Amino acid sequence: MAAHAVLTAYFLGTFRVSIDGVPVDTASSRRTRNMLAYLVAHRRPPVPRDVLMDVFWPTAHPDAARNSLHVALSGVRQVLRAAYPHPVIERRFGAYQLVPLIGVWTDLEQFEVACRSGRRADRAGDERAAAREYEAACQLYDGDFLADDPYAEWACPVRERLRLDAVDIQSRLVEIYIARGDHGPAALLARRILAIDPCNERVHCSLMTCYAATGLRHLALAQYVRLATALRDTFQVRPSAETSALYQSLRQPVGAGVGSG
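As a starting point, this report considers the structure included with it. (Residues numbered from 1 in each chain as written. Predicted model: local features only at pLDDT ≥ 70, side-chain atom pairs only at ≥ 80, totals over all residues. Heavy atoms only, no water.)

**What about the pairing of strand β6 (residues 95-98)?**
Residues Ala95 and Gln97 point to one face of β6 and Tyr96 and Leu98 to the other, with burial holding for every one of them. Across two bridges, strand β4 (residues 47-48) lies against β6 in antiparallel orientation. The residue bridging proline 48 from the neighbouring strand is alanine 95, located in β6. Relative to β6, strand β5 (residues 89-92) is paired through four bridges, and the arrangement is antiparallel. (Buried < 20%, exposed > 50% of the residue type's maximum accessible area, 1.4 Å probe, protein only. Helix = DSSP H or I, 4+ residues; strand = E, 2+ residues; numbered from the N terminus. Pairing = 2+ DSSP bridges.)

Here's what the structure looks like:
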């Protein structure tokens, strides 16, 4: 087998796989796509057969689950073979793994590395390095984990964890932009966050600050109303005292509060 082949997998957004640039068919069979995604995402350590059976066919009789697993793995091997002539998945001691000579790059792992690096730099007080890593993570986050397979149960906790990570690092990046005076990029990113997390009070406040700092006081006031409506309709609560104080300061005449000058 040729060494140094690289399998590339995109999990964030539409699931896509290629080997040395040759696309793997992940569209024809939902079962094949789901099994391939699981094996790549959980490739370390090798995945035992019983784990796969329990994840994908938890209520099936063991014989039926083994047969379903055989069919699914056959489908995975078939689509991989169509893109790359050598074996990619191997069974060893009742567990399945990618063969050692296959290199792997995934947007999922790169996103997680960028998030960790950004937070580490942030804790060290290096906002420039933190912003650079957060920006890299934002570019990688092209959508929810396995967005084209929203009903895959095994993916749900992963999807929620990554979504929370994405919102957290994007929110922090907004604050870094504001501290730099980069209110345009901050407002753009804040609006993107609120499109998926409309009750995020921290980001609403950041967006209000951006609007006020650029003389768009009316948009800042309107943003508070959007926040109050979202919190009332979703949680039956009001904005915090701090957010309400920001709103009241914005209602003051120009020159007397936030946004003047």
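Now that the structure has been shown, we can carry on.
**With respect to the layout of surface pockets**
Of the volumes computed, that of the largest pocket is approximately 290 Å³. Looking at the lining of the largest pocket, the elements with two or more residues in it are α1 (30-41) and α2 (49-56). For the lining of the largest pocket, the leading source of residues is α1, giving four residues. Looking at the lining of the largest pocket, its residues break down into eight nonpolar, one polar and three charged. The calculated volume of the second largest pocket comes to roughly 170 Å³. Taken together, Glu135, Cys138, Gln139, Leu173, Tyr177, Pro185, Leu188, Leu189 and Arg192 make up the lining of the second largest pocket. A per-element tally of the lining of the second largest pocket places helix α7 (residues 183-196) first, with four residues. For the lining of the second largest pocket, the per-class residue count stands at six nonpolar, one polar and two charged. (1 Å grid on protein atoms, 1.4 Å probe; cavity = no way out; pocket = protein on both sides within 12 Å on 5 of 7 lines; lining within 4 Å. Points joined across faces, edges and corners; volume = space filled by probe spheres on them. Nonpolar A, V, L, I, M, F, W, Y, C, P; charged D, E, K, R; others polar.)

**Structural notes on the sheet that holds β4**
If you trace the three strands from one edge of the open sheet to the other, you get β4-β6-β5, paired in antiparallel fashion. If you trace the sheet from one side to the other, it starts and ends with β4 and β5, each paired once.

These figures come from the coordinates and say nothing about function on their own.
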